[in-house]
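# Structural description and commentary
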Amino acid sequence: MSAFIKAISYYLPGRVLDNHELVTEFPEWTVEKVASKVGISERHISAPDETATDMAVKAAEKLFAEHSEIKCAEIDFVMLCTQSPDYFLPTSACMIQDRLGLNTHCGALDFNLGCSGYVYGLSLSKGLLAAGIARNVLLLTSETYTKYIHFKDKGNRTIFADAASATLISGNGFAEIGDFSLGTDGRGADNLIVRSGCARYPKPFRDIVYDENGNPVSSDHLYMNGSEIFNFTLETVPVLVADILVKNNVAQNDIDLFVFHQANKYMMNFLRRKLKIEEDKFYYSLDKFGNTVSSTIPIALKEAAREHKLDGKVLLAGFGVGYSWGGAVLTVNSRRL
């Protein structure tokens, strides 16, 4: 059975952190430096009492409001990609089923992935449809990374933002989901991590130190080894793209639009040039959203559709924390958007 993306919506928290506010906290930086380095002018930040589950529910409610033809009663599986769940247990997707009023015959699960999570979610959804387990899958991504970042960490605070997305995968829609390339290298786990707070180290370390650039490094907050993440990305993504093309039996010139995980402008530009992708075929949606982790690709797809740039063969590539990566090709019929 073929699987299609039928609809996409997303939710952004109300609080906006722009570069002008950031540079008041970090006067050694300028608005121009932040914008040129990371390509982000503003980011949405979840409220102190707003969780990933809250945002996922809002994204789903927005999807149902924007697409009246989609009925809650027809959803027979809901899955949430998040690395910031409300609780260790129960599963956030179970609470979402209840809050959305979905049928109790609906399957529900969480899965813990970051920047590759949306692609993995599409692969799981396609598998559920192919196996006859589900007919309409509600795939949610929601992340509140900003709650993990130390307030003095100017590097990560310029990059990361919070958001949620909702995608309906069904037997018909505007984008047929092709074949996948997926990969994992857990040796890179320590290079993007929040070390304390879970089962391995439940108590805070309170071990904060400052690096040569004055950025805090702490086991109790989000740590990212930027140079190692950059090297991993440059090594992995070109191989990933090549494998995606082979598995979908298409040439690079056949791709009409490349939608990569929106990590930061410098990394994306470097990848684009390394892969020799024309600029007009490479989609950016960083400026007003920032790096929203598993939500960057669905937000980019929604924005590309709004700009009438989503049509034909669209190559998706997600990569990051784990290390984990994944990609696929969508065949988009823009007349069905």
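Residues numbered from 1 in each chain as written. Predicted model: local features only at pLDDT ≥ 70, side-chain atom pairs only at ≥ 80, totals over all residues. Heavy atoms only, no water.

## Quick notes on the overall build of the chain
Of regular secondary structure, the chain possesses nine helices and 15 strands. Reported as C-alpha extents along the three principal axes, the dimensions of the chain are approximately 55 × 45 × 35 Å. Considering the chain as a whole, with its 337 residues, one finds that 57% of them fall into the buried category. By sequence separation, contacts in the chain at least 24 residues apart represent 77% of the contacts at least 6 residues apart. Placing the 34 positive and 40 negative side-chain charges of the chain at their respective mean positions leaves the two points 2 Å apart. (Helix = DSSP H or I, 4+ residues; strand = E, 2+ residues; numbered from the N terminus. Buried < 20%, exposed > 50% of the residue type's maximum accessible area, 1.4 Å probe, protein only. Contact = heavy atoms within 4.5 Å. Lys, Arg positive; Asp, Glu negative; His and termini not counted. Charge placed at Lys NZ, Arg CZ, Asp CG, Glu CD.)

## Topic: the packing of helix α7 (residues 226-247) against helix α8 (residues 265-274)
Where α7 meets α8, the closest approach of the two axes is 11 Å, and the angle between their N-to-C directions is 30 degrees. Viewed along their axes, α7 and α8 adopt a mutual orientation that is roughly parallel. At the point where α7 passes α8, the crossing takes the right-handed sense. Between α7 and α8, the residues in contact are Ile229, Phe230, Thr233, Leu234, Val237 and Pro238 and Tyr266, Met267, Phe270, Leu271 and Lys274, respectively. (Axes fitted to C-alpha atoms, helices over the stretch in contact; angles between N-to-C directions. Parallel < 35°, antiparallel > 145°, perpendicular 65-115°, else oblique. Left-handed = near helix turned anticlockwise from the far one by under 90°.)

## Some points on the pattern of salt bridges
Where side chains of opposite charge bring their charged atoms close, a pairing between them can arise. Across all of its chains, the model carries 14 salt bridges by this definition. Close ionic contact of Lys58 with Glu50 constitutes a salt bridge, the shortest N to O distance being 3.2 Å. A salt bridge links Asp179 to Lys126; the nearest nitrogen and oxygen atoms lie 3.7 Å apart. Here the residue Asp179 occupies a position in strand β8 (residues 175-184), and Lys126 occupies one in helix α5 (residues 117-130), the gap between them amounting to 53 residues. (Salt bridge = Lys/Arg side-chain N within 4 Å of Asp/Glu carboxyl O.)

## Some words on the pairing of strand β5 (residues 107-111)
In the sheet, strand β4 (residues 77-81) pairs with β5 via five bridges, with the strands oriented parallel. Within the sheet, the bridge partner assigned to Leu80 lies in β5 and is Asp110. For the handedness criterion, the β-α-β arrangement of β4, helix α4 (residues 92-100) and β5 is classed as right-handed. (Pairing = 2+ DSSP bridges. Right-handed = clockwise from strand over helix to strand, strands pointing away.)

## Details of the UniProt feature "domain: Beta-ketoacyl-[acyl-carrier-protein] synthase III N-terminal" (unreviewed entry) in the chain
Mapped onto this structure's residue numbering, the UniProt feature "domain: Beta-ketoacyl-[acyl-carrier-protein] synthase III N-terminal" (unreviewed entry) falls at residues 109-186. This span, residues 109-186, is 26% helix and 36% strand, and a straight line between its end C-alpha atoms measures 23 Å. (UniProt positions renumbered as here; feature names shortened; annotations may be inferred.)

## Considering the environment of Tyr10
When you line up the elements, Tyr10 lands in strand β1 (residues 4-11). On the basis of relative accessibility, which here comes to 6%, the residue Tyr10 falls in the buried class. Distance from Tyr10 to Ser142, taken between C-alpha atoms, is 9.5 Å for residues 132 residues apart in sequence. Ignoring anything within four residues of it in the chain, the contact list for Tyr10 reads Ala59, Lys62, Ala164, Ser165, Phe289, Ile299, Lys302, Glu303 and Arg306. One polar contact links Tyr10 to Glu303, side chain to side chain, over a distance of 2.5 Å. Of note is the side chain of Tyr10, whose polar atom sits 3.2 Å from the side chain of Arg306. (Polar contact = N/O pair within 3.5 Å; in protein donor to acceptor, adjacent residues only side chain to side chain.)

## Some points on the packing of helix α3 (residues 52-66) against α4
Where α3 contacts α4, the two axes come as close as 10 Å, and the packing angle between them is 45 degrees. When the axis of α3 is compared with that of α4, the two are oblique. Where α3 crosses over α4, the handedness of that crossing is right-handed. Contacts between α3 and α4 pair Thr53, Asp54, Ala56, Val57, Ala60, Glu61 and Phe64 from the former with Ser92, Met95, Ile96, Arg99 and Leu100 from the latter. For the contact of α3 with α4, a count of residues per class yields seven nonpolar, two polar and three charged. (Nonpolar A, V, L, I, M, F, W, Y, C, P; charged D, E, K, R; others polar.)

## Remarks on the side chain of His67
Here His67 shows up in the loop between α3 and β4. For His67, the contacting residues outside a window of four places in its chain are Ala7, Ile8, Ser9 and Lys302.

## Description of the sheet that holds strand β15 (residues 324-332)
On the basis of which strands lie adjacent, the open sheet formed by nine strands has the order β5-β4-β6-β7-β1-β8-β15-β14-β13 and mixed pairing. Single-partner strands in this sheet number two, and they are β5 and β13 (257-260). The mean angle between the axes of side-by-side strands here comes to 25 degrees, regardless of whether they run parallel or antiparallel. One ladder, built from five bridges, connects β4 with strand β6 (residues 137-143); its direction is parallel. Within the sheet, the bridge partner assigned to Val78 lies in β6 and is Leu138. Of the strands in this sheet, β1, β4, β6 and β7 (163-170) touch α3, which is tilted by about 125 degrees from β1. Along the sheet, α7 makes contact with β8, β13, β14 (312-320) and β15, crossing β14 at roughly 145 degrees.

## Focus: the nonpolar core
Counting 41 residues, the largest nonpolar core has Phe260, Leu315 and Phe319 as its most contacted members. Residue assignment for this core shows that the elements contributing at least two residues are α2 (31-38), α7, β13, α8, β14 and β15. The greatest single-element share of this core, amounting to nine residues, is contributed by α7. Setting aside residues no more than four positions away along its own chain, Leu315 makes contact with Val241, Ile244, Leu245, Ile255, Leu257, Phe258, Val259, Phe260, Ala328 and Val329. Among the nonpolar cores identified, the runner-up in size contains 36 residues, and Ala3, Tyr120, Leu128 and Val314 belong to it. (Core = buried A, V, L, I, M, F, W, Y, C linked by side-chain atoms within 4.5 Å.)

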